[in-house]
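Tertiary structure, described
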Amino acid sequence: GGERGEIIGCITCEILKADATTGEFGMLVTRPDHRHKGVGRRMIAYCEDFCRKEKGAKTMQLVLLHPKTWKQKSKEILKVWYPKLGYSKGEELDFLELYPQHAEGLITETLFTVYSKAL
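In short, a report on the structure.

Calculation criteria
- Within each chain, residue numbers correspond to sequence positions counted from 1 in written order.
- In keeping with the model being predicted, local features are shown solely for residues with a pLDDT of at least 70 and side-chain atom pairs are shown and tallied solely at 80 or more, while totals for entire chains, interfaces and linings include all residues.
- Computation of side-chain values covers all heavy atoms of the structure but excludes hydrogens and water.
- Take a side-chain nitrogen of Lys or Arg and a carboxyl oxygen of Asp or Glu: if they are within 4 Å of each other, that pair is a salt bridge.
- We call a residue buried when its accessible area falls under 20% of the maximum for its residue type, exposed when it is over 50%, and partly exposed in between, using a 1.4 Å probe and counting protein chains only.
- Paired strands, as defined in this entry, are two strands with at least two bridges between them according to DSSP.
- Labels follow the DSSP assignment, with helices taken as runs of H or I lasting at least four residues and strands as runs of E lasting at least two, numbered in each case from the N terminus.
- The path from the first strand over the helix to the second decides the hand: if it runs clockwise while the strands point away from the viewer, the crossover is right-handed.
- To form a nonpolar core, buried Ala, Val, Leu, Ile, Met, Phe, Trp, Tyr and Cys residues must be joined to one another through side-chain atoms within 4.5 Å.
- Note on definitions: a residue-residue contact is assigned when non-hydrogen atoms from the two residues lie within 4.5 Å.
- Axes here mean lines fitted to C-alpha atoms, for a helix over just the part in contact, with angles spanning 0 to 180 degrees between N-to-C directions.

Let us now look at the pattern of salt bridges. Side chains that carry opposite charge are capable of pairing whenever their charged atoms lie near each other. One pass over the structure, following the stated rule, counts 8 salt bridges. Here Glu-92 and Lys-89 are joined by a salt bridge, their closest N and O atoms 3.9 Å apart. Relative accessible area serves as the criterion here: at 41%, Glu-92 is assigned to the partly exposed category. Each of Glu-6, Arg-31 and Asp-33 takes part in one network of salt bridges that share partners.

Given below as structure tokens:
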């Protein structure tokens, strides 16, 4: 895998509408056969550079959506990995308190944990 032009990962990157000095990335995914090769780290670095250099952001953040009452292996890995990239764990919010209209779509109680990093 990994031929030139082949998609091996994806990430969203934007400046927050509520705070033009904060960039946010999310929906980070890397194709399984390309994990643990620095692809995710490079995509995050690209988003950080874009938000800082092109948009003037001072802070970068991400929101990790994870189960409230049980542990999901991939989310537990991310909880350890993001601080290694310089992100600090911030507030934890209950998804249903923020978005009660989406209650029917959830299969489990869910939390948002906000991580942030100064750029």
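We are not done yet, so read on.
Attention shifts here to the pairing of strand β2 (residues 22-30). As paired strands, strand β1 (residues 9-15) and β2 are joined by 6 bridges and run antiparallel to one another. Looking at the pairing, Ile-15 lines up with Gly-23 of β2. In this antiparallel pair of consecutive strands, β1 and β2, the connection spans 6 residues. The pairing of β2 with strand β3 (residues 59-67) spans 3 bridges and is parallel. From the neighbouring strand, Gly-23 faces β3, where its bridge partner is Met-60. On the question of chirality, the crossover connecting β2 to the parallel β3 by way of helix α1 (residues 39-54) is right-handed.

Phe-25, Ile-44, Leu-62, Tyr-82 and Tyr-87 are the most contacted members of the largest nonpolar core, which has 13 residues in total. The residues contacting Tyr-87, other than those within four sequence positions of it, are Phe-25, Ile-44, Glu-48, Met-60, Gln-61, Leu-62, Tyr-82, Tyr-115, Ser-116 and Lys-117.

Moving on: the sheet that holds β3. Across the sheet, 5 strands lie side by side as β1-β2-β3-β5-β4; this open sheet has mixed pairing. Each end of this open sheet is capped by a strand with a single partner; those strands are β1 and β4 (88-94). Strand-to-strand, the axes of this sheet are offset by a mean angle of 25 degrees, without reference to chain direction. Strands in contact with α1 are β1, β2, β3 and β5 (110-118); relative to β1, the strand with the most contacts, it is inclined by about 20 degrees. Across the face of the sheet, helix α2 (residues 73-84) comes into contact with β2, β3 and β5 while running at roughly 160 degrees to β3.

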